[in-house]
Structures are given as C-alpha cells and as structure tokens.
Amino acid sequence: MANTWINQAIAIIEADYQRSADTHLIKLDIPSLKGIDIYLKDESTHPTGSLKHRLARSLFLYALCNGWIKDDTTIIESSSGSTAVSEAYFARLLGLPFIAVMPRSTAKKKVQQIEFYGGRCHFVDHSSEIYDESERLAKSLNGHYMDQFTFAERATDWRGNNNIANSIFDQMSREPHPIPDWIVMSPGTGGTSATIGRYIRYQQLTTKLCVVDPENSVFFDYYRTGDKQVTSCMGSKIEGIGRPRVEPSFIPGVVDSMEKVPDTASIATIYWLEKMIGRKAGASTGTNLYGILQIATKMKAEGKTGSLVTLLCDSGERYLDTYYNSTWVAQNIGDLSEYEAKLEQLSLTGTLN
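Residues numbered from 1 in each chain as written. Predicted model: local features only at pLDDT ≥ 70, side-chain atom pairs only at ≥ 80, totals over all residues. Heavy atoms only, no water.

1. Digging into the overall build of the protein
Heads up, the rule is: Numbering goes from the N terminus for both helices and strands, where a helix is a DSSP run of H or I of at least four residues and a strand is a run of E of at least two. The globule rule used for comparison is 2.2 Å times the number of residues to the exponent 0.38, while the radius of gyration itself is calculated over C-alpha atoms. When accessible area is computed with a 1.4 Å probe and restricted to protein chains, residues below 20% of their type maximum are described as buried, those above 50% as exposed, and intermediate ones as partly exposed. Residue contacts follow a heavy-atom distance rule, with two residues in contact if any of their heavy atoms lie within 4.5 Å.
When helices and strands are tallied, the protein shows 13 helices and 10 strands. In summary, the protein has a C-alpha radius of gyration of 20 Å against a globular reference of 20 Å for 353 residues, a match within 12%. Counting only C-alpha atoms, the protein reaches 65 × 45 × 40 Å along its principal axes. Residues classed as buried in the protein amount to 57% of the 353 residues present. A sequence separation of at least 24 residues applies to 74% of the contacts in the protein between residues at least 6 apart.

Following this line, the structure appears as structure tokens:
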C-alpha cells in the first residue's frame, strides 16, 4: 500500500512537469558591449515563479524515492521564501501538510504565496535559527524535514536529465557563441552551482563557473580560506542567496572563480535591468547580473568576444514592499548612486570604472 501511494505521488509530480514548458533564455541588447552576448535564463516563468521550482521538484522526488515521505507526512522546510513557495505547491499536489520555517523579515508576498498553496509559515527571529527549529518541528510532528541546504546538491541529476545546465546549453546551441565563456550565479543552498559545475566538467566543456556572493554571506570566505566553520552573525539582505554558515550543498571544487558583490550594486542592477527589458527582477538577479557585467567589461578591455549566461531567479513583483520601495532601500540597503553611475557609464562606454 505504501509503495502504491509513492508510485502515485511520483506520477503526479511527473505529470505536472510534463505540463510545464522550459524556461526562456533572454538575450540582453547592450550596444556598448558589441561582440559579447549576455543571456538571462528566466526562471521566473516556472509555475511557482522562481528557480527554486526545479529544486523543490527534485527534493520531493528524492525524498519519495528514499521512502522518507508517506501519505500522511507533514513536510517541513527551512527557507527564506522561494523554496518554501515551491515546496508548498508540490505538497498541495500530493495532499500533504506543509510548514515553512523562515525569518520574520521574509517578503510578505512570499508568505502570502505559501499560504495560497495551503502551507503554514513558522517564523524565527534570525536566519541562523531556521535549522534547529525545523528539526524540532519535524521531530515533534513526526514529519519530514526536507533540508534543502543538505540535499540540494544530490537531489538533482547533474549528468543531464533536463537539469538547468542541460537546458542552458541546449538553448545556446544556435547562438553565435554557443559555448558560454562563463556561467555566473549566486549561491543559496549551493545546489544549483554544484549542478552546473559538475555538468560542465562531465560534458568536458570549456565554460567556466563564477559564483557571486552577497554581503553578510560566508560562501566567499569559505572559498578563499577553506574554513568550513566560518559563520556570520548577520543574515544576507539579498533574499534567497547568501548564508550565515557554510551549507553542505556548496561544493567549492566545481567553482572556477568567486566574487563578492555589494548589496547596493545588486539593487542598482535590478533597476538598470528593468530599463533594459521592461520587467522587474528579484535582488538575487541583480547580484548575478552585476557579476556578469564585471566579466563582460574585462573581456571588452582585453579585446575578447564570446557569450555569458546567468539566471533571472524570480520576479521583482514579490519585492514591491522591499527592493522596489525607495524608503525601505534607503533604510536597509543604502545609497545606490555609486553603482547607478557605474551602470550608466557601462551603457555608454562598456566600462564599469
């Protein structure tokens, strides 16, 4: 009987996947960077609106195939929002209760979306508290703690099977520079960078992987020093990425380069991007894109041409009360004028100096 339900649950998730098209690859038109093609893999078009839809699907299939989820299991996840939104969606598909353990500072729109899918939000005061509280809830409710931060790197098949890396290279195949010089992304769990980096190596590609870290995140320091015990007393202000501890799913060995991106640069970049494509994107997209633009201007200075790919992680409509609220930005992020000027210069000259 248990296997019958698991078989049915997997079939439901796979049918949902079959109903969903692949996400778009958007090409930015930046005349000042002629010969350097920049692409955004638009993950906001998933049914739950973010890159984390892929992760949630993989985590559910992984847990089901491992026998960790039954027909009456309460699902618990620690999340700053987007993973919880996506997991709430899949939990509803399977008729399972879902609880998201998250910081009180999480964007209101994400909380509303979790509740829309039938999930419940359990708040903690600091992002560092989400792990222990999730484990406590799972134990007290006899539920299953999904633990995205541990299992993200192993739940997805990095060799292929329609993962995000596979999709990027398939979509790039007819472009002028089909093999990207760099793929740039930011780490939350570290699972997506692990998938992309492993895929690049498995396929014996020349593409390099750059990971960009926001302020108040320890991944960059870990990459630089090798110290797994490094922690931060502050949480990242760029929702969905950056962690106060080194997460098990972050695999530094697949990363070719890491850069730290100031929060003011991330927010200035999403405003600049909105002028380019007429759409709002979340702050993590700003972190990603600023990293791409740094690489692009260096390539231009060296007389190189080629292609660069990064991710549009989610829509900015989720952050109208935060990143797109000038008062909130002034109080929580700071003065954007330095990076707004740099980006204006980029548009005119192809430089960020």
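2. Quick word on the sheet that holds strand β1 (residues 24-28)
What counts here: Two strands pair if DSSP finds at least two bridges between them. Axis lines are fitted to C-alpha atoms, over the contacting stretch for helices. Their N-to-C directions set the angle, which ranges from 0 to 180 degrees.
With mixed pairing, the 6 strands of this open sheet are ordered in space as β1-β2-β10-β7-β8-β9. Edge positions in the open sheet fall to β1 and β9 (257-261), since each of these has one partner strand only. Geometrically, the sheet is characterised by an average inter-axis angle of 25° between neighbouring strands, direction not taken into account. Relative to strand β10 (residues 306-312), strand β2 (residues 36-42) is paired through 7 bridges, and the arrangement is parallel. By the bridge assignment for β10, aspartate 37 is matched with serine 307. Lying on the sheet, helix α11 (residues 283-301) is in contact with β1, β2, β7 (182-185), β8 (208-214), β9 and β10; it crosses β10 at an angle near 170°.

3. A few points about unusual backbone geometry
Leaving glycine out, the prevailing phi sign among residues is negative, and the prevailing peptide bond configuration is trans. Positive phi, close to 60°, is recorded for glutamine 204, a residue that is not glycine. Along the polypeptide, glutamine 204 turns up in the loop between α8 (191-202) and β8. With phi around 60°, asparagine 216 is a residue other than glycine that occupies positive phi space. One can find asparagine 216 in the loop between β8 and α9 (219-225).

4. Some details on the side chain of asparagine 163
To keep things clear, this is the line we draw: In the analysis that follows, any N or O atom pair within 3.5 Å is treated as a polar contact, provided that within protein one partner can donate a hydrogen and the other can accept it, and provided that, for residues neighboring in sequence, both atoms belong to side chains.
Among the structural elements, asparagine 163 can be located in the loop between α6 (148-155) and α7 (164-171). Of the polar contacts made by the side chain of asparagine 163, one reaches the backbone oxygen of tryptophan 158; its length is 3.4 Å. A polar atom in the side chain of asparagine 163 sits 2.9 Å from the backbone nitrogen of alanine 165.

5. Focus: helix α13 (residues 337-349)
Counted only if it meets this: Helices are assigned an expected span. That span is 1.5 Å times one less than the residue count. Arc definition: directions from the helix axis to the C-beta atoms.
For α13, spanning 13 residues, the distance from its first C-alpha to its last is 18 Å, which sits close to the expected 18 Å at 1.5 Å a residue. For α13, the complete set of buried residues consists of Tyr339, Lys342, Leu343 and Leu346. One side of α13 carries all its buried residues, which in axial view fall inside an arc of 95°. If you follow the buried residues of α13, they end up packed against α10 (263-277) and α11. Remark: glycine 350 follows α13 within two positions and exhibits a positive phi of approximately 80°.

6. A closer look at α11
Counted at 1.5 Å a residue, the expected span for α11 with its 19 residues is 27 Å, and the 27 Å between its end C-alpha atoms agrees. Of all 19 residues in α11, 15 are buried, a share of seventy percent or more. Remark: glycine 303 follows α11 within two positions and exhibits a positive phi of approximately 75°.

7. With respect to the packing of α11 against α13
Each pair of packed helices gets described by two things: the angle between the helix axes and the distance between those axes. This is how the line gets drawn: An angle below 35 degrees is read as roughly parallel, one above 145 as roughly antiparallel, one from 65 to 115 as roughly perpendicular, and any other as oblique. Each crossing gets its handedness from the near helix: less than a right angle anticlockwise from the far helix is left-handed, clockwise is right-handed. Gly counts as polar in this scheme, as do all residues outside two lists: the nonpolar Ala, Val, Leu, Ile, Met, Phe, Trp, Tyr, Cys and Pro, and the charged Asp, Glu, Lys and Arg.
Axis separation between α11 and α13 bottoms out at 12 Å; the angle between their running directions is 45°. With respect to their mutual orientation, α11 and α13 come out oblique. Crossing hand, α11 versus α13: left-handed. Where α11 abuts α13, its residues Tyr290, Leu293, Thr297 and Lys300 lie against Tyr339, Lys342, Leu343, Leu346 and Thr349. In terms of residue class, the contact of α11 with α13 is made up of 5 nonpolar, 2 polar and 2 charged.

8. Here we look at the pairing of β9
Formally: Note on handedness: a clockwise path from strand one over the helix to strand two, with the strands aimed away from the viewer, defines a right-handed crossover.
Relative to β9, β8 runs parallel, the two being bridged by 5 bridges. By the bridge assignment for β9, valine 212 is matched with glutamate 259. Taken together, β8, α9 and β9 form a β-α-β motif whose crossover is right-handed.

9. Details of the nonpolar core
Keep this limit in mind: Here, nonpolar core means buried Ala, Val, Leu, Ile, Met, Phe, Trp, Tyr and Cys residues that are tied together by side-chain atoms lying within 4.5 Å of each other.
In terms of nonpolar packing, the biggest core is built from 42 residues, with Leu33, Ile38, Ile267, Leu289, Leu293, Leu308 and Leu343 touching the most fellow members. With 8 residues, α11 is the single largest residue contributor to this core. Here leucine 293 is in contact with Ile30, Leu33, Ile38, Trp272, Leu343, Leu346 and Leu352, once residues within four sequence places are set aside. Of all hydrophobic cores here, the second largest spans 32 residues; its members include Ile13, Leu59, Leu94 and Ile114.

10. Focus: the layout of surface pockets
Where we set the bar: Of the two site types, the cavity is a set of points on a 1 Å grid over the protein atoms alone where a 1.4 Å probe fits but cannot get out, and the pocket is an open set with protein on both sides within 12 Å along at least five of seven lines, each lined by residues with an atom within 4 Å of a point. Grid points are joined across faces, edges and corners, and a volume is the space filled by probe spheres set on the points.
Of the volumes computed, that of the second largest pocket is approximately 530 Å³. Residue lining of the second largest pocket: 25 residues in total, with Ser105, Thr106, Ser236, Lys237 and Glu239 positioned closest to the centre.

11. Examining the pattern of salt bridges
Put simply, the rule is: Salt bridges are defined by distance alone: a side-chain nitrogen of Lys or Arg within 4 Å of a carboxyl oxygen of Asp or Glu.
Per the counting criterion, the structure on display carries 21 salt bridges. As a salt-bridge pair, glutamate 14 and arginine 57 come within 2.4 Å of each other at their nearest N and O atoms. Highlighted residues: glutamate 14 in helix α1 (residues 2-18) and arginine 57 in helix α2 (residues 52-65), separated in sequence by 43 residues. When its relative accessible area of 33% is taken as the criterion, glutamate 14 is described as partly exposed. The salt bridge involving arginine 245 is made with glutamate 247; its shortest N-O contact spans 3.0 Å. Salt bridges sharing common partners tie together Asp22, Lys41, Glu43 and Arg54.

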